[in-house]
Amino acid sequence: VQLQASGGGLVQAGGSLRLSCTTSERMITIAWFRQAPGKEREFVAAFRWREYYANSVKGRFTISRDNVKDTMFLQMNNLKPEDTAVYYCAAGNSVIASTMTDRAAYHYWGQGTQVTVSS
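In this text the structure is predicted, and so the values were computed from the model without any measurement.

### Comments concerning the packing of aromatic side chains
1) Next: According to the stated counting rule, one finds four aromatic pairs in the structure shown.
2) Next: Between Phe 33 and Trp 109 the ring centres are 5.1 Å apart and the planes differ by 55 degrees, which places this aromatic pair in the tilted class. Of this pair, Phe 33 sits in strand β4 (residues 29–35) while Trp 109 sits in strand β10 (residues 108–109), and the two are 76 residues apart along the sequence.
3) Next: On the basis of relative accessibility, which here comes to 26%, the residue Trp 109 falls in the partly exposed class.
4) Next: For the pair Tyr 106 and Trp 109, a centre-to-centre distance of 6.4 Å together with 70 degrees between the ring planes defines the contact as edge-to-face.

### Observations concerning the nonpolar core
1) Next: If you look at the biggest cluster of nonpolar residues, it comprises 37 residues, and the most contacted ones within it are Trp 32, Val 44, Phe 61, Leu 74, Met 76, Tyr 87 and Tyr 106.
2) Next: In terms of residue count, strand β9 (residues 85–92) provides more of this core than any other element does, five residues in total.
3) Next: Setting aside its immediate chain neighbours within four residues, Leu 74 contacts Leu 17, Arg 18, Leu 19, Trp 32, Val 44, Ala 45, Phe 61, Thr 62, Ile 63 and Tyr 87.

### Some details on the side chain of Thr 23
1) Next: Turning to its location among the elements, Thr 23 is positioned in strand β3 (residues 17–23).
2) Next: With a relative accessible area of 9%, Thr 23 lands in the buried category.
3) Next: One polar contact links the side chain of Thr 23 to the main-chain carbonyl oxygen of Glu 25, over a distance of 2.9 Å.
4) Next: Among residues more than four places away in sequence, those in contact with Thr 23 are Gln 2, Leu 3, Asp 70 and Met 72.

Analysis parameters
- Residues numbered from 1 in each chain as written.
- Predicted model: local features only at pLDDT ≥ 70, side-chain atom pairs only at ≥ 80, totals over all residues.
- Heavy atoms only, no water.
- Phe/Tyr/Trp six-rings, centres within 6.5 Å; stacked < 30°, edge-to-face > 60°.
- Helix = DSSP H or I, 4+ residues; strand = E, 2+ residues; numbered from the N terminus.
- Buried < 20%, exposed > 50% of the residue type's maximum accessible area, 1.4 Å probe, protein only.
- Core = buried A, V, L, I, M, F, W, Y, C linked by side-chain atoms within 4.5 Å.
- Contact = heavy atoms within 4.5 Å.
- Polar contact = N/O pair within 3.5 Å; in protein donor to acceptor, adjacent residues only side chain to side chain.

Honestly, that's just the spatial picture; any functional story needs more than this.
Here it is as structure tokens:
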């Protein structure tokens with residue numbers, strides 16, 4: 001399964017970006033993680049029957065999917081400098097609710113796209 005992420009860039013604090021990730025096959029669970037320099041890769045959002053969000057992005061980010069085009073999106077609004085990271089899309093068919101935020105539960109990963117938020 002191939003995942004291809006795009007849409008990162010440089011934006012000022014308070015601005016918006018929309019990330020996209022195309023998958024080569026339909027996947028049950030899709031997710032976004034991010035990794036800032038010197039930090040662990042962390043969960044951002046996931047979609048499996050419903051949406052899941054990290055507390056740090058709840059109310060600002062929205063995950064969605066287009067099943068016709070096998071593409072997932074992450075709409076990021078009111079961006080903050082602490083959102084600066086490489087964002088990775090991930091997918092899996094055996095992720096359960098209790099492991100939704102665990103990166104080890106996802107078998108397939110995109111290449112990452114850089115998001116930089118300036119203050």
